[in-house]
Amino acid sequence: MREGTLRNLAKRLLYALISIVGVAALVFALLHVVPGNPVAALLGDRADPEKVERVSKALGLDQPLYVQFGNYLLGALHGDFGQSYTLGKPVSELMGAAFMNTLWLALAAALVSWVVGITSGLVAALHKNTLLDRLFMGASLLGVSLPVFMVAMLLQYVFAKYLHWLPIAGVADWTGYILPAIALGWSSAGSIARLVRSSVVEVMQQDYIDTARAKGRTNTQVIVLHALRNAMLPVITLMAMQFSGLLSGAFITETIFSINGIGRLSVQAITSRDIPLLQGTTLLCTFVIVMGNLVADLLYSVADPRVRKGA
Amino acid sequence: MDRRTFVLGMLAAPLCGLAAPGCASQTQRAKPGLFTYATGDEMSTMDVAHNDSNYFTPLNIFDRLFETRMVDGQATVLNSLCTDYRKSDDGLRYDFTLREGVRFSNGDPLSSSDVRYTFTRLLTEAAVNTDIAVQIKGGQALMDKQADALEGFEIVDDTHFSITLEAPNGGFIAGLSSAAMSIVNERTTRAAHNFGKDPAETIGSGPYYVEEWVPNDHLIMKYNPYYWGEEPTVKEVFRRIIPDASTRDLMYQNGEVDLIDLTEIDALIVQRAYKVEHADKIVSAQMLGMTYLALNETNQYLKDVRVRKAIAMGIDTRDLIHNLKYDDAIEQKGIIPTGIWGNNPDLEGIAYDPDGARALLAEAGYRDGDVSFTLALSSSGDQLLNETVSNQLAKIGVQANIKVLDSATWMEKRLAGEHDAFIATWMLDYNDPDNIMGVFFGSPQRTRGRSICYPDTEVMARVSAAKSIVDDEERKREYQELEHKIVVEDRAWIPLFQGARIFCRGERVESFTPFWAGYGDYYLTDVTLTKEARG
């Protein structure tokens, strides 16, 4: 790797670190500004003022804010993100388990969306203005417009309830990921298909495609090595962004399919004002998004020599 | 490979992936003795010192000195770990006898010392469930760290002990039957680092022990071979956390769960699908709790008793029950629900009378639309119920403007006494009127914490003192007089209805009895599997 690239990478990593600490401070401040007492939420309908005071003290919420934030940062540096108020376990342990579930789900959904999206976009582009093109683009429009929960419920009814092929909910084994991955990947596939189609159509009109053909390249070689590679530049950015999005918040899919993932954990933390859990999941999501952007930039430079050369 | 083959291959790949697991059917074949249940609520801990809202696991892995069960339609306190007790004439001292031969799930024998440790721990652990133990002499001092032992608890021997109360309390024995008073193993709990969270360290004497707990995912319980009671038919429990109610519904229809709580399922689906297709499998229990409308007496309009009375007259509870499909709910007239000791079936109710309500508002000097307040709705509350009540009140010229708040904010404002009005449900923990009247009207702090802000301190002092009346008949009379004063004269509490908890049994469940108070939590010993399911 060149020195310039390394310097650029180090700079980006430093920015990422600043972003993460900034987000931690912001989330901490926001959580103490917005209304909603975490202890009252924790105790629920049984809450009374004496109980709230007693439990607040036990959780250290009676300490000044700067002490609480200082303790949090100190703990976070040692990998201790505190204990969830609502689930009663260390946040790092909860996030670890949830992140693995989300990671598998995101990878499976990404696979679905990339394979389906790129393939159908390519097919539509190569059969521009034919019935096949309209069919694929119509399906992609459905993918973009159908809400995830509707796709999820349809899949549950067809493949789990009637056909009994797959489990309705839970991820006891790999088969549990199939329906949620399709539900989640379906929408992303629609966007990717539309982008791939328009990019390929544009690239196929370029002079270098004619040049490649004139040099005797086969049709497949022209499509894969020249057209698709060049058309993929904007698609890669979209795919990387979508992937980090999948990792940081697939709440609806995780709820419907009962997957103990980061999205579900985050929403649970928000509604119950579970401060340690919310801070942990926010930091994790920030990290994932920042890293996703970084990876997208790196991939971009791999795919486009002009970027690599700093042109 | 030509282009057509390549394209078809790419299209076929995901379909093959989908079809592959279909070959190996996913229909789970349940093991003999296995009971599978799904719920949307996860608990924070199995330790009742820190959990007062989710009792499913504590109810089944711990025992209490007494248990409350429904006997002939009446909640009745029955012996459990305690086989006998004697109360002194002044109502202050209780002598208890523990059941012989009880062992915890790790084989340790139960002794009086475990009971003392349990009560002491509740008061020294910044616990959420202190209400019962704090009544023991020296309980408050222990909680305030002014003492290091529970003065009123005296151990006679391994199976005999006595408790002296600070003041008499007619509801004490009923209180000991609440899940909050689950007895823990002193030896293992003292040594535990993660009691209530680590199954291996969470030892009780109940019919089950927890083998595995993955928060937000599942919990596995197994039959405790040391259990002293009758052996249940359910030998293993798989409790899954399924947050989405419609997914739970699908799982029931698919035979993936053996019992479903229909509370969160759409009322229309329950009425038109479950009650038709599975009518013989429906089991319901009256919730021993009350759905009520709280009105804040510090509000400029609601402080006038005529306005509160008009509001009560403007709500048609029969229509609420019918239109919202709460078929199993029953109308209520007071604070103490039907089935709870002290309930007064003869309490005068208030009839639905919109014309009378309008006349009362006019008498108070208000024209149509003058009276306006916020009806605070928690994000987890019943929107349809709030909308229906708001619409009914609009017909008498009262504007109850619904404001939805997220549950944490709603709770914070309620505790600060800031809501104008709200609709909520209170479920009793034990069979005594103090568990509802004392909670809402036991002190100025309590009534403020419920956003009712009832101003009559004399009545509140009487409510607080009522629990100490030794004579049961006299105590019942006092509660009923107080209920009359608060509900009929002051209209400080608008009862709406007493709901019901409806369950639907699966094919593998022969019979099921819900918890006496109509909780979503229940005793697994009250689930009987069919012969086939037992294996």
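A quick note: this is a predicted structure, and the numbers were derived from the prediction, not measured.

Brief notes about the domain arrangement of chain A
Quite often, the size of an interface is put as the accessible area lost when its parts meet. Residues and elements named next belong to chain A. Splitting chain A by domain gives domain 1 (3-77) and domain 2 (96-309). Distance from the C-alpha centre of domain 1 to the C-alpha centre of domain 2: 32 Å. Of the residues lining the interface, 18 residues belong to domain 1; the matching set on domain 2 comes to 16 residues. A combined buried area of about 1,600 Å² lies between domain 1 and domain 2, and 76% of that area is made up of carbon and sulfur atoms. Put simply, domain 1 and domain 2 have zero salt bridges between them. Summed over the shared surface of domain 1 and domain 2, the result is zero residue pairs in polar contact (both at pLDDT 80 or more). Listed by contribution, the elements that provide at least two residues to the side of domain 1 that touches domain 2 are helix 1 (3-33) and helix 2 (38-43). The dominant element in the side of domain 1 that touches domain 2, judged by the number of residues it contributes, is helix 1, at twelve residues. Residue composition of the side of domain 1 that touches domain 2, grouped by class: 14 nonpolar, three polar and one charged.

Some thoughts on the confidence of the model for chain B
Confidence along chain B averages 90 in pLDDT terms, with 94% of residues attaining 70 or more. The ipTM assigned to the predicted complex is 0.74, against a pTM of 0.82.

Focus: the interface of chain B and chain A
If you look at the interface, chain B gives 55 residues, while chain A gives 61 residues. In total, about 5,000 Å² of surface goes out of reach between chain B and chain A, with carbon and sulfur atoms giving 57% of it. For the pair chain B and chain A, the interface holds one salt bridge. Linking chain B with chain A are 13 residue pairs in polar contact (both at pLDDT 80 or more), by the criterion used here. Contributing elements (two or more residues each) for the side of chain B that touches chain A: helix 1 (3-23), strand 10 (236-241), helix 7 (245-253), helix 13 (407-415), strand 17 (421-427) and helix 15 (444-449) of chain B. Tallying contributions element by element places helix 1 of chain B first for the side of chain B that touches chain A, with ten residues. Its residues assigned to classes, the side of chain B that touches chain A comprises 25 nonpolar, 17 polar and 13 charged.

Let's talk about the pattern of salt bridges
Residue and element names in this part refer to chain B. A full pass over the atoms with the stated rule returns 36 salt bridges over all chains. Between Arg 239 and Glu 42 there is a salt bridge, with its nearest N and O atoms 4.0 Å apart. With Arg 239 in strand 10 and Glu 42 in the loop between strand 1 (34-39) and helix 2 (56-61), this pair connects stretches of sequence that are 197 residues apart. Overall, Arg 239 belongs to the buried group, its relative accessible area being 3%.

With respect to the sheet that holds strand 16 (residues 399-405) of chain B
Residues and elements named next belong to chain B. Spatially, 14-18-13-17-15-16 is the arrangement adopted by the six strands of the open sheet, whose pairing is mixed. Two strands in the sheet have a free side with no partner beyond their single neighbour: strand 14 (330-331) and strand 16. As judged from the three bridges shared by strand 13 (residues 289-295) and strand 18 (residues 494-498), these two strands associate in the antiparallel manner. The residue of strand 18 that forms the bridge with Tyr 292 is Pro 495.

Rules used in this analysis
Numbering of residues starts from 1 in every chain and runs along the sequence as written. For this description, chains carry letters from A and ligands carry numbers from 1, given in the order in which they are written. With pLDDT at 70 or above as the cut-off, local features in this predicted model cover only qualifying residues; side-chain atom pairs require 80 or more to be listed or tallied, and sums for whole chains, interfaces and linings still use all residues. The side-chain figures draw on all heavy atoms in the structure; neither hydrogens nor water molecules are used. Residue ranges assigned to each domain were obtained from an automatic or database domain assignment. In what follows, residue pairs with any heavy atoms lying within 4.5 Å of each other are defined as contacts. Defined here as a combined quantity, buried area equals the accessible surface (1.4 Å probe) lost by two parts on assembly, summed across both. One side-chain nitrogen of Lys or Arg within 4 Å of one carboxyl oxygen of Asp or Glu is enough to make a salt bridge. Contacts described as polar in this section are N or O atom pairs within 3.5 Å, which, within protein, must combine one atom able to donate a hydrogen with one able to accept it, while residues neighboring in sequence count only if both atoms come from side chains. Elements are defined by DSSP. Helices are runs of H or I of four residues or more, strands are runs of E of two residues or more, and each kind is numbered from the N terminus. As a working rule, the residues Ala, Val, Leu, Ile, Met, Phe, Trp, Tyr, Cys and Pro are called nonpolar, Asp, Glu, Lys and Arg charged, and the rest polar, with Gly in that last group. Note: pLDDT gives the predictor's confidence per residue, expressed from 0 to 100. Each residue gets one of three labels from its accessible area relative to the maximum for its type: buried under 20%, exposed over 50%, partly exposed in between, using a 1.4 Å probe on protein chains only. Two strands qualify as a pair provided that DSSP identifies no fewer than 2 bridges between them.

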